[in-house]
Amino acid sequence: MSDVTTLEPSGGVRRSDGAPTAPRAIGPANTVSNGLQLAWRSVLKIKANPEEVLGLTFMPIMFVTLFVFVFGQAIMGDWREYRDFLMPGIIAQSVVFATLGTGFTLCQDVEKGIFDRFRSLPIARSAPLIGAILGDLVRYSITVVMVLLVGLAIGFRPDGGVVGVVAAAALILLFAFALCWMSAFVGMMVRTPMAVQSFGMILMFPLTFGSSAFVAPEAMPGWMRAVAENNPITHVVNAMRGLMIGGDVAVPVTWTLVWSAVFVVVFGPLAVWAYRRRT
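As the structure is a computational prediction, the values presented were derived from the model and not from experiment. (Residues numbered from 1 in each chain as written. Predicted model: local features only at pLDDT ≥ 70, side-chain atom pairs only at ≥ 80, totals over all residues. Heavy atoms only, no water.)

Undergrad: Talk me through the nonpolar core; I want residue IDs and the actual numbers.
TA: Counting residues in each nonpolar core, the largest one holds 59 residues, and the members touching the most others are Val64, Ile90, Ile91, Ile172, Phe175 and Met204. Residue assignment for this core shows that the elements contributing at least two residues are helix H2 (51–76), helix H3 (79–98), helix H4 (100–112), helix H6 (127–153), helix H7 (161–189), helix H8 (193–209), helix H10 (232–245) and helix H11 (250–278). Examining the composition of this core, we find that 15 residues originate from one element, H7, more than from any other. Dropping the residues within four chain positions of it, isoleucine 91 is found in contact with Val144, Val147, Leu148, Ile172, Met240 and Met244. By size, the runner-up hydrophobic cluster in this structure holds five residues, among which are Cys107, Val186, Ala195 and Val196. (Core = buried A, V, L, I, M, F, W, Y, C linked by side-chain atoms within 4.5 Å. Buried < 20%, exposed > 50% of the residue type's maximum accessible area, 1.4 Å probe, protein only. Helix = DSSP H or I, 4+ residues; strand = E, 2+ residues; numbered from the N terminus. Contact = heavy atoms within 4.5 Å.)

Next up, the structure:
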């Protein structure tokens, strides 16, 4: 009679005599497939929790209204001019803040024991993280669309046309994908979802408000200007402005791609390591 085997969390099997076999190799194609399957799970959570969409809807309206109509006249003397300057920055800020949700959700899932069930499946170790991040990109896309709709409603007309807007949206989503790996790393390192929000705000506020999103670096004090000009958010905002309303595109787009690669290369392996360590 042949030996009875049982599935191991590693993807291998264990024979009835207790001897483990080698774990099943999971290649890049299977890793992508596993990640896409779990991304669909993340997307379905939006359908189950429609209030998330409401948050993605009202937050952009609030930010655009406050910054354009409250600060626009004081900063540039003309709220219409400030509106055109601000819109790429508001889109970037809204998406960057939304990446905190990746770490928050991952930490919450770990607390609920969902990832313990994932470990019992013969899937790639990084698949749950990839799935969560790809699913969140759908949320970020909703955020981008809502900010643009609010901007169009108050008179924003991007000179770059549809092509420029789509290119700018694709760029910020690429940058958000990279930034999500940092959020995932934080979510796996801290103990509670509330701590993820606290640490995330400490990281994201200096990145967004210390950039060119709301004020041109030329108007800042010398030391702050140097910080803002080398801020990764500044590069992505400047690239989006160039694509949407005109200006230099090549340099800021190049820097955005470089920063995106750095975030993925540094925080991708760290997030997977922290996930395996915690689960």
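Undergrad: Got a sec to walk through the packing of aromatic side chains? Specific residues and values, please.
TA: In this structure the tally under the stated criterion is 13 aromatic pairs. Ring geometry for phenylalanine 67 against phenylalanine 71: centres 5.5 Å apart, planes inclined by 50°, an arrangement best described as tilted. One end of the pair, phenylalanine 67, and the other, phenylalanine 71, are both in helix H2, four residues apart, so they sit about a helical turn from each other. By relative accessible area, which is 12% here, phenylalanine 67 ends up buried. Assessed through its relative accessible area of 39%, phenylalanine 71 is described here as partly exposed. Note on phenylalanine 177 and tryptophan 181: the rings are 6.3 Å apart at their centroids and 90° apart in plane angle, and the pair reads as edge-to-face. Separated by four residues within a single helix, phenylalanine 177 and tryptophan 181 lie in helix H7, roughly one turn from each other. For tryptophan 181, a relative accessible area of 7% gives the class buried. Counting every residue linked through ring pairs, the aromatic cluster contains Phe63, Phe67, Phe71, Phe97, Phe205, Phe209 and Phe214. (Phe/Tyr/Trp six-rings, centres within 6.5 Å; stacked < 30°, edge-to-face > 60°.)

Undergrad: How would you explain the pattern of salt bridges if you had to name every residue and give the values?
TA: Going through the model one piece at a time under the given rule, you end up with four salt bridges. In this structure, the salt-bridge partner of aspartate 136 is arginine 139, at a minimum N-O distance of 2.6 Å. In this pair, aspartate 136 and arginine 139 are both assigned in helix H6, three residues apart and thus about one turn of the helix distant. As a salt-bridge pair, glutamate 229 and arginine 225 come within 2.9 Å of each other at their nearest N and O atoms. Of this pair, glutamate 229 and arginine 225 both sit in helix H9 (residues 222–229), four residues apart, which is roughly one turn of that helix. Glutamate 229 sits in the partly exposed class, given a relative accessible area of 35%. Owing to a relative accessible area of 34%, arginine 225 belongs among the partly exposed residues under this scheme. (Salt bridge = Lys/Arg side-chain N within 4 Å of Asp/Glu carboxyl O.)

Undergrad: Talk me through the side chain of threonine 256; I want residue IDs and the actual numbers.
TA: Structurally, the position occupied by threonine 256 is in helix H11. Residue classification places threonine 256 among the buried residues on the basis of a relative accessible area of 1%. For threonine 256, the side chain forms a polar contact with the main-chain oxygen of proline 252, separated by 2.8 Å. Not counting residues up to four positions away in its chain, the partners in contact with threonine 256 are Leu171, Phe175, His235, Val236 and Ala239. (Polar contact = N/O pair within 3.5 Å; in protein donor to acceptor, adjacent residues only side chain to side chain.)

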